[in-house]
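Examination of the molecular architecture
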Amino acid sequence: MDIRIAVLGGDGIGPEVTAESVKILDAIERRFDHTFSFVMGACGGRAIDEFGTPLPEETLDIVKGCDAVLFGAVGGPKWDDPQAETRPEDGILTLRKDLDLFANLRPVKVYPQLIDASPLRPERLVGVDMVIVRELTSGLYFGKPKKRWANSRGRSAVDTLTYREREVERVARVGFEIARGRRKRLHSLDKMNVLETGRLWREIVTELGVEYPDVELIHMLADNAAMQLVTNPAEFDVVVTENTFGDILSDEAAVIGGSMGMLPSASLSSIPKSNNTNRRPRRAGKRALYEPIHGSAPDIAGQGVANPIASILSTAMMLRYSFALDDEADAIESAVAAVLVDGARTPDLATQPGEAIGTSDMGDAIAGRIIG
Ligand code: NAD
Ligand code: IPM
Ligand code: MN
């Protein structure tokens, strides 16, 4: 296959980790019969500095001309002035909205070798394997009005939480479909005890559940879920929730996996269909973006110590969801597992003094395992 990938590294550790993903795709190209070409685009704070906007037209053109987007991270203290007209984060938010990437899949898994890297008790981590399906193009992030103002009574601001029926239905369907191909349990999280949007969410998910009698549907209030996630994480199979809850709960879930540097994601614009004979959904269509769940990590940027595994596993998701290259995705995921068994650890994963390796060495180790 000839595949064109837009690589938007962004800010901070973003470009450091996407460089390792490109290295991994080069290794895949050597082992399998594919040609990957990479087109680099500017996004985020560095694009604001260079072009005056976090998502220049040139970058949008690159994205439109490619088969999938590999995204790093955007943002950083340099662009954090609360009065700024535009922010780096607007770049990724606009991309998500423009490409209609409404379903963000965030798998959370525990590698046995990393159990010690998590602050949670080891016995709680046994058997953890879940996918958080986060709604990504609506809710508080995009609702209008969204603004600040000042008058004689002082300063005010408003963000608006809205959901339309079709927005809830399509992301819930993603949750059901994925659950159907896995352990057939779907937790739907909301705040129906407080929010109108939560009540709408629960009603629509319940109605849709009739189409999926084989999937056990469990409604849970999002605050309770925050607690259950770290006390009984193995209870969860697929979790579906709205944009803001999904953002916060997936960072929390990174604690289960041992580090922010371990959690990948896929943002899709179509519903992956379950397939009961094999756990994988079919091709995702052209509009799709793959990124780690972590940010630009300004505290460690430029030091060559970031963990590239979240980006590398996002690349595996790209091969699986965008191109149906399951063997190639398996090869990446097995290589990651193998280097962890070998003892490769970036500083975020290291438990022994002196054992840590850098970003590039971790990428080399994984690429080496792929080439064999
Ligand atoms: P962060 O995810 O960047 O970092 C949180 C903590 O996790 C830091 O201590 C960091 O060092 C650590 N960490 C994150 N990724 C790591 C990795 N790969 N390897 C090792 N350690 C890692 O969150 P933050 O500090 O709250 O945000 C920093 C900036 O990133 C903000 O401007 C935020 O808006 C932005 N951000 C961007 C994205 C994105 O572009 N998709 C996602 C999240 C945050
Ligand atoms: C994420 C990030 C983003 C979000 C920011 C950078 C806009 O935290 O991808 O989880 O809040 O969605
Ligand atoms: Mn986040």
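Residues numbered from 1 in each chain as written. Chains lettered and ligands numbered in written order. Predicted model: local features only at pLDDT ≥ 70, side-chain atom pairs only at ≥ 80, totals over all residues. Heavy atoms only, no water.

What about a negative patch on the surface?
Among the surface-exposed residues, Glu50, Glu57, Glu58 and Asp61 lie close enough to one another that they form a single negatively charged patch. Here the negative patch takes three residues from helix H3 (residues 57–64), the largest share from any one element. Its place among the elements puts Glu58 in helix H3. The exposure class assigned to Glu58 is partly exposed, which follows from its relative accessible area of 44%. (Patch = residues over 30% accessible without salt bridge, like charges linked within 9 Å, V, L, I, M, F, W, Y side chains within 5 Å. Areas by Shrake-Rupley, 256 points an atom, 1.4 Å probe, with all protein chains shown as cover. Salt bridge = Lys/Arg side-chain N within 4 Å of Asp/Glu carboxyl O. Lys, Arg positive; Asp, Glu negative; His and termini not counted. Charge placed at Lys NZ, Arg CZ, Asp CG, Glu CD. Helix = DSSP H or I, 4+ residues; strand = E, 2+ residues; numbered from the N terminus. Buried < 20%, exposed > 50% of the residue type's maximum accessible area, 1.4 Å probe, protein only.)

What to know about the side chain of Glu291
In this structure, Glu291 sits in the loop between strand E12 (288–290) and helix H10 (309–323). In this structure the side chain of Glu291 is engaged in a polar contact, spanning 2.9 Å, whose partner is the side chain of Arg96. (Polar contact = N/O pair within 3.5 Å; in protein donor to acceptor, adjacent residues only side chain to side chain.)

Overview of the pairing of strand E9 (residues 216–221)
Where strand E8 (residues 185–190) and E9 come together, six bridges link them in parallel fashion. Paired with His187 across the bridge in E9 is Ile218. What joins E8 to E9 is helix H7 (residues 196–209), and the crossover it makes is right-handed. (Pairing = 2+ DSSP bridges. Right-handed = clockwise from strand over helix to strand, strands pointing away.)

Brief notes about the site of ligand 2
Taken together, Glu89, Leu93, Arg96, Arg106, Arg134, Tyr141, Asp247 and Ile293 make up the full set of residues near ligand 2. Arg96 is positioned such that a nitrogen or oxygen atom in its side chain is 2.7 Å from an oxygen atom of ligand 2. Note that an oxygen atom of ligand 2 is positioned 3.0 Å from one of the side-chain N or O atoms of Arg106. Burial of ligand 2 by the protein amounts to 77% of the accessible area it has alone, namely 320 Å². It is helix H4 (residues 88–98) that provides the largest number of residues to the shell around ligand 2, a total of three residues. Of the residues assigned to the shell around ligand 2, the class counts are three nonpolar, no polar and five charged. (Near = heavy atom within 4 Å. Nonpolar A, V, L, I, M, F, W, Y, C, P; charged D, E, K, R; others polar.)

Comments concerning the site of ligand 1
Around ligand 1 sit 21 residues in total, of which Val74, Glu89, Gly295, Ala297 and Asp299 are the nearest. Within the backbone of Gly76, an N or O atom sits 3.3 Å from an oxygen atom of ligand 1. Between an oxygen atom of ligand 1 and a main-chain N or O atom of Ser296, the distance comes to 3.1 Å. Across the complex, the protein chains shield 70% of the 800 Å² of accessible surface that ligand 1 would expose by itself.

What to know about the nonpolar core
Nonpolar side chains in soluble globular proteins tend to end up buried together. Leu105, Met130, Val133, Ile256, Tyr290, Leu319 and Ile366 are the most contacted members of the largest nonpolar core, which has 86 residues in total. With residues near it in sequence (within four places) discarded, Val133 still touches Asn104, Leu105, Val171, Val174, Gly175, Ile178, Val238, Val239, Val240 and Thr241. With 16 residues, the next largest nonpolar core counts Leu8, Cys66, Val74 and Leu95 among its residues. (Core = buried A, V, L, I, M, F, W, Y, C linked by side-chain atoms within 4.5 Å. Contact = heavy atoms within 4.5 Å.)

Description of the sheet that holds strand E5 (residues 129–135)
Pairing is mixed in the open sheet, where 10 strands are placed in the order E2-E1-E3-E12-E11-E4-E5-E10-E8-E9. Both outer strands of the open sheet, strand E2 (35–40) and E9, are each paired with one neighbouring strand and no more. For this sheet the average axis-to-axis angle between neighbouring strands, irrespective of direction, equals 25 degrees. Relative to E2, strand E1 (residues 2–10) runs parallel, the two being bridged by six bridges. In the strand pairing of E2, Ile5 is matched with Phe38. Relative to the sheet, H7 contacts E5, E8, E9 and strand E10 (238–241), its axis offset from that of E9 by approximately 175 degrees. This element, helix H8 (residues 222–231), spans E5, E8 and E9 of the sheet and lies at about 105 degrees to E9. (Axes fitted to C-alpha atoms, helices over the stretch in contact; angles between N-to-C directions.)

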